[in-house]
Amino acid sequence: MSVQNVLNTIKENNIMFVDFRFVDLSGHAHHITLPATEVDADTFVNGVAFDGSSIAGFRGIEESDMVMMPDTDSSFVDPFTDHPTLNIMCNIHTPDGERYERDPRSIAQKAEEYLQTTGIGTAAFFAPESEFFIFDDVRYESKMNTSYYSVDSDEAAWNTGRKEEGGNLGYKIGVKGGYVPVAPVDAQQDIRSEMVRVMQESGLRVERHHHEVATAGQAEINFRFDTLTKTADNLLKYKYIINNVARQWGKVATFMPKPLFGDNGSGMHVHSSIFNGDSPLFYEKGAYANLSQMALHYIGGILHHAPALIAITNPSTNSFKRLVPGYEAPVNLVFSKGNRSAAIRIPVAAVTPKGCRIEFRTPDSTANPYLAFAAMLLAGLDGIKRQLDPVALGYGPFDKNIYDLSDEDKKEIRSVPGTLDEALDALEADSEFLTESGVFTQDFIDNFVALKRAEAKAVSIRVHPHEYSLYFDC
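Because the structure is a prediction, the values reported are computed rather than measured.

## Considerations on helix 7 (residues 306-313)
- Counting buried positions over the 8 residues of helix 7 gives 8, a clear majority of the element.
- For helix 7, the set of buried residues is Ala306, Pro307, Ala308, Leu309, Ile310, Ala311, Ile312 and Thr313.

Below, the structure written as structure tokens:
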């Protein structure tokens, strides 16, 4: 969309405000709003200034001036504001007009540009399946003398005996019993449908929605694949809509990977493929799962670099509460067709040549999507360039339930890192596949690791409520 088209949209829709947004290192969106009367063609040339020192992981106070440069193709009318507002995603530049090397959105765009220079393909497509919970109540506190969290849901398994409903209506969802039941067991059909309606009006192409496996309101809505940066933009829009629709309904949504102990967590399975023009490069009829050699090498790159990659695709301490055996968590660094116990699954049902893709099941929604998709692409491209054969490297294929293997057989399978600190160690030891192309800089990696280590330390030094159960009477 051209600048003039955006200005026409503002006029034709009686837009009163324009909301300029950018994303921080953790993937959270921030915004500054201008009256539409203050927005003209020069705004898209000069950008919108903001204070980078107030954003964690950006600049120090001595060099805090930064500029948001609007991307007109990302604009959409906000569905929640009382006053007509147009939202526009921005890249971050320094005052002298240079791309800011720590800007996640610019990193995503550089990854796409790098792909085109390799001669391998012209575009990489991504499609995340970002699961979430819809709760009716959430409370938490962390102080020197108090530490707890409490969430509740009308449909939760623990509420079968609750009396506060004025007569319990039953139809609670059992632990691991929530996969695609119909109403009245699935009590969240209407709220998910409302989320989809708003997504469609905001420009997202939604393919389906359903209740997910866990009790207490786990859900999934799938939107259509697109190129790397556009998909990351769409994921931010998706989360924005889900969070705000939930709030309108008096509920709260969370994309936290493991908000409940003892049931399935929420992942962000990421489908990806590479095209050259209109030609899919991952398909070869008759080969294993109809995968081309290029696709296998792409898989080899992701699995080879997975311990380091996971520091970016699963960048929270809570991520590793989900990545434990027994809850459909993809902890095994292998690939397989149709097998959900593998880190990489190759979908085989109703797949066309253009739909042939790989599904990396390990990531979760605490990841910054711009960084996660860029890092995945670079790991896969490294595998293609180095012709890393996942079969020869011992990564599969494993076409049986890995959780049913003997302990002896499981020893032969590499697992994901057990903690965020372990993943960060792996990233420090294996970051060249990210930096050699110039997409990520060493400064970015060092800064990212420092921020995440601080988060891990903040969690590790705090007293945990379960420690009272274990040790108070020692």
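## Some thoughts on the UniProt feature "binding site: ATP" (unreviewed entry) in the protein
- Feature annotation in UniProt places "binding site: ATP" (unreviewed entry) on Glu207, Phe223, Arg224, Phe225, His271, Ser272, Ser273, Arg340 and Lys354, given in this structure's numbering.
- Within the secondary structure, phenylalanine 225 is located in the loop between strand 11 (218-223) and strand 12 (226-227).
- With respect to the helices and strands, lysine 354 occurs in the loop between strand 17 (342-346) and strand 18 (358-360).
- In this structure, lysine 354 is in contact with Phe275, Asp278 and Pro280, ignoring residues within four places of it in sequence.

## Remarks on unusual backbone geometry
- Cis rather than trans, the peptide bond between alanine 183 and proline 184 has omega equal to 5°.
- By secondary structure assignment, the location of proline 184 is in the loop between strand 9 (147-152) and helix 4 (189-201).
- Backbone torsion omega between glycine 396 and proline 397 reads 5°, so that peptide bond is classified as cis.
- The backbone of asparagine 14 sits at a positive phi, close to 50°, despite the residue not being glycine.
- Residue placement: asparagine 14 occurs in the loop between helix 1 (3-12) and strand 1 (17-23).
- On the basis of relative accessibility, which here comes to 59%, the residue asparagine 14 falls in the exposed class.
- Despite not being glycine, alanine 216 has its phi angle at roughly 65°, a positive value.

## Quick look at the environment of glycine 217
- Looking at the element boundaries, glycine 217 is found in the loop between strand 10 (206-211) and strand 11.
- Look at glycine 217 and you get buried, because its relative accessible area is 0%.
- Each C-alpha atom, one on glycine 217 and one on glycine 178, is 8.2 Å from the other, the two residues being 39 residues apart in sequence.
- In this structure glycine 217 touches Phe132, Phe133, Ile134, Ser153, Glu155, Gln188 and His211, once residues within four positions along its chain are discounted.

## Section: the packing of helix 6 (residues 293-304) against helix 7
- Their axes nearest at 6 Å, the elements helix 6 and helix 7 cross at an angle of 75°. It follows that helix 6 is roughly perpendicular to helix 7 by the angle criterion. Here Ile302, Leu303 and His304 of helix 6 lie close against helix 7, whose contacting residues are Ala306, Pro307 and Leu309.
- The class makeup of the residues in the contact of helix 6 with helix 7 is 5 nonpolar, 1 polar and no charged.

## Examining the pattern of salt bridges
- The full count for this structure, using the stated rule, is 23 salt bridges.
- Of the charged contacts in the structure, one is a salt bridge between arginine 99 and glutamate 113, with a shortest N-O distance of 2.7 Å. Separated by 14 residues along the polypeptide, arginine 99 in the loop between strand 6 (85-93) and helix 3 (104-118) and glutamate 113 in helix 3 bring together distant segments of the chain.
- With a relative accessible area of 33%, arginine 99 lands in the partly exposed category.
- A salt bridge links arginine 224 to glutamate 207, with the shortest nitrogen-to-oxygen separation between them at 3.0 Å. Linking arginine 224 in the loop between strand 11 and strand 12 with glutamate 207 in strand 10, this pair joins segments that are 17 residues apart in sequence.

Definitions and cut-offs
Position numbers for residues start from 1 in each chain and track the written sequence from start to end. Only residues with pLDDT of at least 70 are given local features in this predicted model, and only at 80 or more are side-chain atom pairs given and counted; all residues enter the totals for whole chains, interfaces and linings. Heavy atoms throughout the structure, all of them, feed into the side-chain values; hydrogens and water do not. Classification of residues uses two cut-offs on accessible area relative to the type maximum, computed with a 1.4 Å probe and protein chains only: under 20% is buried, over 50% is exposed, and between them is partly exposed. Runs of H or I in DSSP of at least four residues are treated as helices and runs of E of at least two as strands, each being numbered from the N terminus. UniProt positions are given in the numbering used here, feature names are shortened, and annotations may be inferred rather than shown by experiment. Here a residue-residue contact requires only that any non-hydrogen atoms of the pair lie within 4.5 Å. Only C-alpha atoms enter the line fits that serve as axes; for helices the fit covers just the stretch in contact. Angles between N-to-C directions range over 0 to 180 degrees. The labels follow the angle: roughly parallel below 35 degrees, roughly antiparallel above 145, roughly perpendicular from 65 to 115, and oblique for the rest. The nonpolar class holds Ala, Val, Leu, Ile, Met, Phe, Trp, Tyr, Cys and Pro. Asp, Glu, Lys and Arg form the charged class, and all remaining residues, Gly among them, are polar. We define a salt bridge as a side-chain nitrogen of Lys or Arg found within 4 Å of a carboxyl oxygen belonging to Asp or Glu.

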